[in-house]
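For reference, the chains in residue letters:
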Amino acid sequence: MLVFGGTGDLTLHKLLPALYHLHREQRLPADLRILALARKPLDSDGYRALAERHCRAQVARGDFTADTWHSFAARLDYFAMDAAQSAEFGRLAQHLGKGCSRARIYYLATAPQLFAPIAAHLAIAGLAGANTRIVLEKPIGHSLASALAITQAIGKVFDESQVFRIDHYLGKETVQNLMALRFANALFEPVWRGAHIDHVQISVCETLGVENRGGYYDQAGAMRDMLQNHLLQLLCLVAMEAPVRFDAEAVRNEKVKVLQALKPLAGLDVRDLTVRGQYTSGHIGGQEVPAYYFEKNVDNDSDTETFVALQVEVDNWRWAGVPFYLRTGKRLQRKCSEIVIQFKPVPHRLFPGAAEHANRLLIRLQPEERISLQLLAKTPGKGMTLEPVELDLNLATAFSRQRRWEAYERLLLDVIEGDPTLFMRKDEVEAAWRWVNPILDGWRECYQKPRPYPAGSTGPEQAHSLLELQGRRWHD
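In the annotation of an unreviewed UniProt entry, the protein chain is listed under the name Glucose-6-phosphate 1-dehydrogenase and assigned to Geopseudomonas aromaticivorans. Quoted verbatim from the Sequence similarities (unreviewed entry) field of the UniProt record, the comment on the protein chain reads "Belongs to the glucose-6-phosphate dehydrogenase family." For the record of the protein chain, the UniProt heading Function (unreviewed entry) holds the text "Catalyzes the oxidation of glucose 6-phosphate to 6-phosphogluconolactone."

Okay, structure coming up:
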């Protein structure tokens, strides 16, 4: 496994700790070797020391031992090179040995503008044979045109079956439990449709700002960084039809159908059904935090959005007329990733106050992984006063004897085993960009500036109005 961007945050904070856990549990092939590639002038021992420091910080204390680290470090090596320079790949080929027939995985933990050049350089150096796979981190481009260009460039070197486009949200346990919940339980299938569901909310809220990613984020914004990939993938899993079988092509076929069924947002719909926001200074956790435009590597007059809320519709038989509300933002009041399925009230209301508390299914991805179903029950005593109660499945306690896998552990093992089920196919990426592009164009053409919201709040007031005008509210 060759990891381009081997000294970056993603590799040091996510990939190496995930590989360490897989090694510790003896899930990696015995002969797997990991070669980190980056420009920093380090030798192998220097890189192993850097990797150990980060793994110690990321891995739970009881899971990190000296003996396990030493055996893992024996798999680990480093090669200093500039991936933007074609001549460097000749050196890499010489280092690897051209006659080597072992399978290779190229993990591109780099900026997307390097995807196409790296693939081309690998081909020129004779390093891109049939026995190779390539992993692309999101975002795949910054627009439909750039995504198509990356797809075309990668396709000249690698067959589609060799390409793994990763979205770590699809590796989360609760996300996969969403499929189990829907397709393994007869309880939900009859009511999982517009006749019984009032609306759906999908929220990914963060308390953090842009941290050290200001240069990248100021070019991307919340739409490209989060909504175009993470939130649309969650929407696909909520709205998709049951695949004919649980394999990669069948699952991804159904996800593409959802993206193709999304009702386009353009023109006045962009103005009326979308909200952009940007955080100003405020307080989070008792500490004052600066406004977005004072963050490191961010332009002082930046109009990049740090918050997006949308109302969308899946224009098909199952979901016609059901609004899906999507929102994501930084520097918000609380950290959460959750899906809310709000059911319609019963058709005839026998009991006073019951209409205010219709059944609701809450699927929480973080900070804790849990699934809860809100029901109405009678309170003790005289009369028929109802109050909401929850049937709660806490996945951490339900499976307390088993360690919770991080998303990257599962996805890395799938790459090693060649299972693409939880990875995006090229037509998925293209369909998502085809839907997102008109929204980005609409914001630009209408000069729709981001609405300010204080750090530590629940976002711009306009995002709340998006639901309140229809008698609904966000689940906060």
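That shown, we press on.
K.L.:
Give me the lowdown on the UniProt feature "binding site: NADP(+)" (unreviewed entry) in the protein chain, citing residues and values where you can.
P.N.:
This chain's UniProt record puts "binding site: NADP(+)" (unreviewed entry) on Arg39 and Lys138. As for the annotated residues, the ones lining the largest cavity are Lys138. For Arg39, a relative accessible area of 66% translates into the label exposed. Excluding residues within four positions of it along the chain, Arg39 makes contact with Tyr78, Met81 and Asp82. Within the element layout of this structure, Lys138 appears in the loop between β5 (132-137) and α6 (144-155). Among the residues examined, Lys138 registers a relative accessible area of 18% and is labelled buried. Once residues within four sequence positions are removed from consideration, Lys138 is found in contact with Ile166, Asp225, Asn229 and His230.

K.L.:
Please provide a residue-by-residue account of the sheet that holds strand β3 (residues 76-80), values included.
P.N.:
Hydrogen bonds along the backbone pair up the strands of a sheet, which may run parallel or antiparallel. Pairing within the open sheet is parallel, and its 6 strands lie in the order β3-β2-β1-β4-β5-β6. Since the sheet does not close on itself, it has two edges, and those belong to β3 and β6 (163-166), each with one partner. Taken over all neighbouring pairs, the strand axes of this sheet differ in orientation by 20° on average, direction set aside. Running over the sheet, helix α4 (residues 87-96) touches β1 (2-4), β2 (34-38), β3 and β4 (104-108) and is turned about 150° from β3.

What counts and how
- Residues numbered from 1 in each chain as written.
- Predicted model: local features only at pLDDT ≥ 70, side-chain atom pairs only at ≥ 80, totals over all residues.
- Heavy atoms only, no water.
- UniProt positions renumbered as here; feature names shortened; annotations may be inferred.
- 1 Å grid on protein atoms, 1.4 Å probe; cavity = no way out; pocket = protein on both sides within 12 Å on 5 of 7 lines; lining within 4 Å.
- Buried < 20%, exposed > 50% of the residue type's maximum accessible area, 1.4 Å probe, protein only.
- Contact = heavy atoms within 4.5 Å.
- Helix = DSSP H or I, 4+ residues; strand = E, 2+ residues; numbered from the N terminus.
- Pairing = 2+ DSSP bridges.
- Axes fitted to C-alpha atoms, helices over the stretch in contact; angles between N-to-C directions.

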